[in-house]
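Descriptive analysis of the structure
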Amino acid sequence: MHSTPQTPTLWTIAALLKWTTEFFQSKGIESAKREAELLLAHVLKCKRIELIARFQDQPTEAERAQFRELIQRRVAGWPVAYLIGSREFYLLSFDVDPRVLIPRPDTETLVLEALNRLKPLTAPDVLDVGTGSGCIAISIAHQKNDARVMATDISPDALAVAQQNAIKHHVAERITFRQGDLFAPLAPESRFDLIVSNPPYIAHAEFAALAPEVRDHEPRLALDGGPDGLAFYRRIAHDVGPFLKPGGSLLLEVGYTQEAAVRALLAAEPELEVGPTLKDMGGHPRVVTARKKPPPERT
Ligand code: GLN
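For the structure given in this document, a descriptive report is provided here. All values derive from a computational prediction rather than experimental measurement. (Residues numbered from 1 in each chain as written. Predicted model: local features only at pLDDT ≥ 70, side-chain atom pairs only at ≥ 80, totals over all residues. Heavy atoms only, no water.)

**Side note on the environment of Thr7**
Just so we agree on the cut-off: Counting from the N terminus, the helices are DSSP H or I runs at least four residues long and the strands are E runs at least two residues long. Accessibility here uses a 1.4 Å probe with only protein chains present; expressed as a share of the type maximum, an area under 20% marks a residue as buried, one over 50% as exposed, and anything in between as partly exposed.
Residue position: Thr7 is located in the segment before α1 (13–26). Residue Thr7 is classed as exposed on the basis of its relative accessible area of 62%. Distance in space between the C-alpha atoms of Thr7 and Ala261 is 53 Å, their sequence separation being 254 residues.

**Focus on the pattern of salt bridges**
Which entries qualify depends on this criterion: Every case where a carboxyl oxygen of Asp or Glu lies within 4 Å of a side-chain nitrogen of Lys or Arg is listed as a salt bridge.
Enumeration over the complete set of coordinates arrives at 23 salt bridges. The shortest N-O distance in the salt bridge between Asp125 and Lys245 comes to 3.3 Å. Of the two residues, Asp125 sits in strand β3 (residues 125–129) while Lys245 sits in strand β7 (residues 244–253), which places them 120 residues apart along the sequence. The class of Asp125 is buried, set by a relative accessible area of 17%. Here Arg220 ties to Asp224 by a salt bridge, and the two come within 3.3 Å at their closest N and O atoms. Each of Asp125, Arg148, Asp193 and Lys245 takes part in one network of salt bridges that share partners.

**Considerations on the site of the ligand**
Just so we agree on the cut-off: One heavy atom within 4 Å of a molecule or strand makes the whole residue count as near it. Pairs of N or O atoms are called polar contacts if they sit within 3.5 Å, as long as, within protein, a hydrogen donor faces a hydrogen acceptor (for residues adjacent in sequence, only side-chain-to-side-chain pairs). Note that accessible areas follow from Shrake-Rupley with a 1.4 Å probe, and for residues the cover is restricted to the protein chains shown. Under the grouping applied here, Gly and all other residues not named as nonpolar or charged are polar, the nonpolar ones being Ala, Val, Leu, Ile, Met, Phe, Trp, Tyr, Cys and Pro and the charged ones Asp, Glu, Lys and Arg.
Taken together, the residues surrounding the ligand are Leu101, Arg104, Asn198, Pro199, Pro200, Tyr201, Ile202, Val214, Ala222 and Leu223. Interatomic distance of 2.7 Å between a backbone N/O atom of Pro199 and a nitrogen atom of the ligand. Tyr201 is positioned with one of its side-chain polar atoms (N or O) 2.9 Å from a nitrogen atom of the ligand. Protein contact buries 87% of the 300 Å² of open area that the ligand shows by itself. Its residues placed into classes, the shell around the ligand shows eight nonpolar, one polar and one charged.

**Section: the packing of α1 against helix α4 (residues 61–75)**
Spelled out, the test is: Comment: axis = line fitted to C-alpha atoms, over the contacting stretch for helices; angle = value between 0 and 180 degrees taken between N-to-C directions. By the definition adopted for this analysis, an angle is roughly parallel if under 35 degrees, roughly antiparallel if over 145, roughly perpendicular if from 65 to 115, and oblique otherwise. Crossing handedness is read from the near helix: turned anticlockwise from the far helix by less than a right angle, it gives a left-handed crossing, and turned clockwise, a right-handed one. Contact between two residues is taken to exist if any of their heavy atoms lie within 4.5 Å; hydrogens are not considered.
With their axes 11 Å apart at the nearest point, α1 and α4 run at an angle of 15° to one another. In this view, α1 runs roughly parallel relative to α4, as classed from their interaxial angle. The crossing of α1 and α4 is right-handed. Across from Leu16, Thr20, Phe23 and Phe24 in α1, the residues of α4 making contact are Arg64, Phe67, Ile71, Arg74 and Val75. Taken together, the residues that form the contact of α1 with α4 break down as six nonpolar, one polar and two charged.

**Observations regarding the side chain of Ser197**
Summarising the element assignment, Ser197 is placed in strand β6 (residues 192–197). On the basis of relative accessible area, Ser197 is assigned to the buried category, the value being 1%. For Ser197, the side chain forms a polar contact with the main-chain oxygen of Val129, separated by 2.8 Å. Every residue in contact with Ser197, bar those within four places of it in the chain, is listed here: Leu110, Asp128, Val129, Ile236, Leu251, Leu252 and Glu253.

**Some details on a nonpolar patch on the surface**
Which entries qualify depends on this criterion: Exposure above 30% relative accessible area and no salt bridge define the residues that can form patches, which grow by joining like charges within 9 Å and nonpolar side chains of Val, Leu, Ile, Met, Phe, Trp and Tyr within 5 Å.
Together, Ile49, Ile52 and Phe55 make up an exposed nonpolar region whose accessible area comes to about 330 Å². Residue classification places Ile49 among the exposed positions, given a relative accessible area of 67%.

Dropping the structure here:
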């Protein structure tokens with residue numbers, strides 16, 4: 001058992017961070033130090049690393065009251081990204097709130113591979129299915145500045161956040177957002193060089209074991225992959241073919257136990273050729289890849 005950390009006499013930034021880190025640790029919060037710093041930097045309207053230079057400063061009573069309030073909400077289960085309203089992902093900071101899933105570092109694997117595949121192409125057409133906060137589509141548009149990006153989501157609320165992020169990062173003119181279920185909002189003749197998706201993939205039986213921060217606060221719509229977690233992969237595998245140009249790529253983020261099942265779903269489609277699976281930074285299989293086969297040569 002941890003005890004409540006000791007109360008110092010002077011509430012300097014250093015003392016506030018030390019106390020809060022220990023308090024978070026006593027509550028079983030994993031990245032206790034990082035989260036304490038993010039919350040205090042948010043209250044003091046500075047960057048996290050700027051706190052170090054200000055270690056001996058004493059925040060005002062009002063700032064400390066606001067910090068205490070955030071600490072209480074964090075301990076009650078709120079994800080820190082929703083409390084501060086943003087999350088770093090790949091090279092940018094995205095606005096987030098409970099209307100969207102919080103971007104995960106695992107998804108950076110997908111962005112890196114997307115950019116690798118787009119590099120040799122001129123003015124490629126890219127589709128992000130189920131864009132959520134827009135973190136994938138916007139990172140791609142930001143790094144590949146001749147890409148023409150389309151992003152869909154069934155949730156109008158999520159699209160509002162994605163649009164706001166696109167404006168924030170000056171790529172709104174190059175991303176078209178469309179509301180609808182998977183490919184439904186696309187014109188039937190749309191063709192893409194690259195299609196990416198991080199669809200909901202949590203199986204119903206897995207919800208009970210999710211971290212409460214995720215289960216109780218992030219949008220169920222962005223997590224629920226149907227009874228076995230594979231519902232969206234089935235639909236994407238079945239529907240994606242016509243929307244890919246010959247030789248075009250499909251990159252799908254998967255839960256790390258789902259690689260074999262998703263590869264099998266894609267392999268069952270005659271138009272597709274399954275490629276290598278990519279690992280995330282933790283070494284887990286994370287991105288399943290496929291290409292649309294070129295048309296058969298006439299003999
Ligand atoms: N990676 C997320 C999680 O484990 C799930 C994201 C998703 O369903 N696409 O919480």
